[in-house]
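Reading the structure
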Amino acid sequence: MRRHLHFIVLLLFTSSLTLAQQPKKPTSSEIFESIKKLNFLGSVLYVAAHPDDENTRLISYMSNEVKARTAYLSLTRGDGGQNLIGPEIRELLGVMRTQELLAARRVDGGEQLFTRANDFGYSKHPDETLSIWDKDKVLSDVVLAIRKFKPDVIINRFDHRRAGRTHGHHTSSALLSMEAFELVNNPLSYPEQLSTTGLWQPKRLFYNTSWWRYGSREEFEKVDKSNMVMVDVGVYYPLKGLSNNELASIASSKHLCQGFGRLTQRGTQQEYIEFLKGEALNDNANVFEGIDTSWNRIKGGKSIGDQLLDIENNFNFRNPSEHLPKLLQAYQLLSKIENEHWKTIKIKELKSIIEACAGLYLEVSAETNWATSDETINLNIEVLNRSQQSVILRSINTTDDLQISKEINLDENTKFNFKESISIPKNQKPTTPYWLAEKGTLGMYKAEAKFIGLPETPRVFNVDFNLLINKIPITFTRPVVYRYSKPDKGELYKPFEIIPEASAKISEQVIILDSEAQRDIEVIVKAGRDNLEGYVQLAHPNDWSVFPEKQKINIEYRGQEQRLTFTVIPPKKQSEGLLSPMVHVGEHIYTRELIEIDYDHIPFQTVLLPSESKIVRLDIQKRGENIGYIEGAGDVVPESLRQIGYNVSIIKPEDITSENLNRFDAIVIGIRAYNTVEELKFKQQILFDYVAQGGNMVVQYNTSHRVKVDNIAPYDLKLSRDRVTDEYADVTLLATNHEILNYPNKITSKDFEGWTQERGLYFPNEWGNEFTPILSMNDKGESAKSGSLLVAKHGKGHYIYTGLSFFREFPAGVSGAYRLFANMLSLGKNNIN
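The text that follows walks through the structure, step by step, so that each part is easy to find. (Residues numbered from 1 in each chain as written. Predicted model: local features only at pLDDT ≥ 70, side-chain atom pairs only at ≥ 80, totals over all residues. Heavy atoms only, no water.)

**Remarks on empty space enclosed by the protein**
As a reminder of what qualifies: Both site types are read off a 1 Å grid over the protein atoms alone. A 1.4 Å probe that fits but cannot get out defines a cavity, while an open set with protein on both sides within 12 Å along at least five of seven lines defines a pocket; lining residues have an atom within 4 Å of a point. Grid points are joined across faces, edges and corners, and a volume is the space filled by probe spheres set on the points. Residue polarity follows a fixed list, in which Ala, Val, Leu, Ile, Met, Phe, Trp, Tyr, Cys and Pro are nonpolar, Asp, Glu, Lys and Arg are charged, and the others, Gly among them, are polar.
Tallied over the entire structure, the rule returns three cavities of 30 Å³ or more. Size it by volume and the largest cavity reaches roughly 70 Å³. As for the largest cavity, its lining consists of Gln-82, Asn-83, Pro-87, Ile-89, Gly-634, Asp-635, Val-636, Ile-671, Phe-807 and Pro-811. Among the residues making up the lining of the largest cavity, the classes are represented as six nonpolar, three polar and one charged. In this model, the second largest cavity occupies a volume close to 40 Å³.

**Describing the pattern of salt bridges**
Definition in use: By definition here, a salt bridge exists when the distance from a side-chain nitrogen of Lys or Arg to a carboxyl oxygen of Asp or Glu is within 4 Å. We count a stretch as a helix when DSSP gives it H or I for four or more residues in a row; a strand needs E for two or more, and each element gets its number in order from the N terminus. In this scheme, a residue with accessible area under 20% of its type's maximum is buried, one over 50% is exposed, and one in between is partly exposed, where area comes from a 1.4 Å probe on protein chains only.
The final tally for this structure, using the stated rule, is 50 salt bridges. With a closest N to O distance of 3.2 Å, Asp-306 and Lys-302 form a salt bridge. Highlighted residues: Asp-306 and Lys-302, both in helix 9 (residues 301–313), separated by four residues, approximately one helical turn. By relative accessible area, Lys-302 is classed as exposed at 52%. Three or more residues joined by partner-sharing salt bridges are found here, namely Lys-124, Asp-779, Glu-782 and Lys-785.

**Description of the sheet that holds strand 3 (residues 69–74)**
Within a sheet, each strand pairs with its neighbour through backbone hydrogen bonds, oriented either parallel or antiparallel. The cut-off we apply is this: A pair of strands counts as paired when DSSP detects no fewer than two bridges linking them. To define axes, lines are fitted to C-alpha atoms, for helices over the stretch in contact only, and angles between the resulting N-to-C directions are given on a 0 to 180 degree scale. Residues are treated as being in contact if the distance between any of their heavy atoms lies within 4.5 Å.
The mixed open sheet is built from seven strands, whose spatial order is 4-3-2-5-6-10-7. Strands with a single pairing partner mark the edges of an open sheet, and in this sheet they are strand 4 (111–114) and strand 7 (228–232). Neighbour-to-neighbour, the strand axes of the sheet open up by a mean angle of 30°, direction not taken into account. The pairing of strand 3 with strand 4 spans four bridges and is parallel. Pairing of Leu-73 across the sheet is with Leu-113, part of strand 4. On top of the sheet, helix 2 (residues 56–65) reaches strand 2 (43–48), strand 3, strand 5 (153–156), strand 7 and strand 10 (270–278); it is set at about 150° to strand 3, its chief contact.

**Quick word on the pairing of strand 10**
Of the pairings in the sheet, the one linking strand 6 (residues 204–207) to strand 10 comprises four bridges and is antiparallel in character. Bridge pairing in strand 10 links Leu-205 to Lys-277. Taken together, the five bridges between strand 7 and strand 10 define a ladder with antiparallel strand orientation. Looking across to strand 10, one finds that Asp-232 is bridged to Gln-270.

**Re the nonpolar core**
Generally speaking, nonpolar side chains in soluble globular proteins are found buried as a group. Selection criterion: Here, the term nonpolar core denotes a set of buried Ala, Val, Leu, Ile, Met, Phe, Trp, Tyr and Cys residues that are joined through side-chain atoms within 4.5 Å.
Judged by nonpolar contacts, the single largest core of 78 residues is most densely connected at Leu-641 and Tyr-799. Leaving out residues up to four positions away in the same chain, Leu-641 has contacts with Ile-627, Tyr-646, Val-648, Phe-810, Phe-821 and Leu-825. Residues Phe-315, Leu-334, Leu-410 and Ile-469 belong to the second largest nonpolar core, which totals 56 residues.

**Observations concerning unusual backbone geometry**
The step from Phe-547 to Pro-548 runs through a cis peptide bond, and the omega angle for that step is -10°. Tracing the sequence through the fold places Pro-548 in the loop between strand 25 (545–547) and strand 26 (550–555). The linkage connecting Tyr-743 with the following residue, Pro-744, adopts the cis geometry, with an omega of -5°. Its identity as a non-glycine residue notwithstanding, Asp-52 has a phi of 80°, on the positive side. Of note, Asp-52 is situated in the loop between strand 2 and helix 2. The backbone of Asp-374 sits at a positive phi, close to 60°, despite the residue not being glycine. The topology assignment puts Asp-374 in the loop between strand 12 (370–371) and strand 13 (376–385).

**A word on helix 3 (residues 91–108)**
For clarity, the threshold we go by: What a helix should span is 1.5 Å times the count of its residues minus one.
The end-to-end C-alpha distance of helix 3, which contains 18 residues, comes to 26 Å, matching closely the 26 Å that a straight helix rising 1.5 Å per residue would cover. Within helix 3, 15 of the 18 residues are buried, which leaves the element mostly enclosed by the surrounding structure. Two residues or fewer after helix 3 comes Gly-109, characterised by a positive phi angle close to 90°.

**Quick notes on the packing of helix 1 (residues 28–38) against helix 9**
What counts is decided by this rule: Here a crossing is taken to be left-handed if its near helix is turned anticlockwise relative to the far helix by less than a right angle, and right-handed if that turn runs clockwise.
Taken N-terminus to C-terminus, the directions of helix 1 and helix 9 make an angle of 145°; their axes are 10 Å apart at the nearest point. Regarding helix 1 and helix 9, the two cross each other, and that crossing is left-handed. Note on element contacts: helix 9 touches helix 1 through Leu-308, Ile-311 and Glu-312, opposite Phe-32, Ile-35, Lys-36 and Leu-38. For the contact of helix 1 with helix 9, the class distribution of residues is five nonpolar, no polar and two charged.

**Thoughts on the pairing of strand 14 (residues 391–397)**
With six of seven residues buried, strand 14 is to be regarded as a mostly interior element. Examined bridge by bridge, strand 14 and strand 17 (residues 462–469) share six bridges and lie antiparallel to one another. What sits directly across from Asn-397, in strand 17, is Asp-464. The sheet contact formed by strand 14 and strand 15 (residues 403–409) spans five bridges and is antiparallel. Counted as the bridge partner of Ser-395 is Ser-405 from strand 15.

Limitation: the analysis is restricted to geometry and does not speak to function.
Laid out in structure tokens, this is it:
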């Protein structure tokens, strides 16, 4: 296609920029650290189950002190956890936690890998975990990760010998690592992988043990440590001005959605790793014993090492560009070595060092952060050489393989800007996390073979800068990004994404109708391009009716939305199903919702998921109207209660007064509020007084540690780690005559059908005689747990504690969960008509 080029030469003026997801701009100290890392040819793979399982102290130590190439293999993306900072759960939480892991690795210097395993929730035994995960596929992914990464040393976070005594995912990660260690060098194991990678045998396998494995520090002191390696992970890095454990704390604090923000630590701190398999150590001080981690490890490496070690030993912090001639010589030598594994890794590292020493700034910014297929997007390209070395920009390659000749001498500190454009192919797929492109199963995501193991979908649109530095050709590649600014935040970046020309969503994820009355629902259509025309229909269950059958859309500008109202008429009897908007544009039908995840601590994310809302015609009765909700760690319970007709008001901690509470029929405490809201320790007596005067107080689950209040209930109540993870577990109604099971809705075993992920978690296991246990349930092979729903009369009112997972069941539209919660809120009101 024809391109128009505008060439502008500008002098570079210094400006003050706000950093937010900007490209890395290494200092001299960071360049020096990179050179030291370049001169170490050894690798460590750390293995565990979830985001935030990883020991950032050890990862940081191996990466920054030992200088080893270090990666964390997380078997899952943490989709089954809770979210303390927002409403995202399940797949969207997995996207967030993936990015939090990548943010942590940017701090501690590690890399990030994954398998296709889906975090389906808490599991009590690896047998259950591996049956749901599809053991063979996950084992295949672990083998593939080892064959590709080729670690000398593997370190398991968890003990493979503790099946049934800890999270089944944790033990499974260790068991799979142990098994993979024996398979990776066997050509008969997953032979299909050998077309893209080779066999490999790690030297050693360790387990990262600690005192918590043995119950206490005192017990750990008694343990024979002759088979363990001890390292001081509190070592100080003068060039960083940080101790290793400080750096690790900063990395760990990136897991904000899990409440991992924490104080930094300094000083000597010991970590132990226990030898499990491989070649035994003679000296329990060096996990790389017997492994040549110098350039002599590879054929032809000695001459490269001689060049690079000289630079390391005589590094010029004031003018790193002085080293470019030798770095370029090393680059030429490295390009000729036969070992493809180390050549690929070290060329990437070396090119980054060359770029940093030359003070090169190469950027490709699109005019927008998203585009659609078959569209042309303008690009702003910036090129700058901030060294005295000879640098020539010979040409630029865009992703459609068009080479644009330049032949420009990049004079020192002179900025060059170009205006280019790029064509998006007609068949270009929209951007979305690759593991969410197809629907997976409860335990496994689907992924194209080329993506398995990658932390995120590779960027499709890139620009190659073909340079001559001191007459040596070298190419640097930059992804297309979107650079912009906000007056209150400064310079910002977003990834450049491809979105569909149309997407749609229903305003409400779950629609509950408690009568035969029809309901108006809103469908929101977003245009990905200008002048979008078409029509919208709603797919719906056969026993429901929707009016009108279809509605036209006409959206003038990209990014704008059009809102349409459809009327839904429910059946007379209880029924449930899915509503899905279908946007017809020409010959195409679009059925996905465009979701944006925007937090300051992670890059902006665009996710496409099937646009579906659950619709339920529910046989439900309730008493009382006004509910006060005290928010905890974030959930959609308030919106869910509004769905069934309650007036829900959010109460801030500072507004918890007797006068404010008296207007409510019930007060609901959000999930983990007593773990996360410090102010509640000063408000607890006011809440108890509200109950004593005739109010209902419903407290949802809290974890058994880091409780902020002295007394979680007006009577004795002790939280535990008891939980029932099987969502199909039988539920026994203990207090069959209790009002909470009979009014205003008759609760039966049918109300516990269709639950999702789990029954509940962190049940109390001890309580005062004032409490009545309502339900009993248990996972297979375990004793009955009776603490999932406890009710106590307190004065004129009722205090209710529940560990049932209403926060998961409501978004899934589980009818029985709504009926039971309505009874909890209606307790004591059976004399009200």
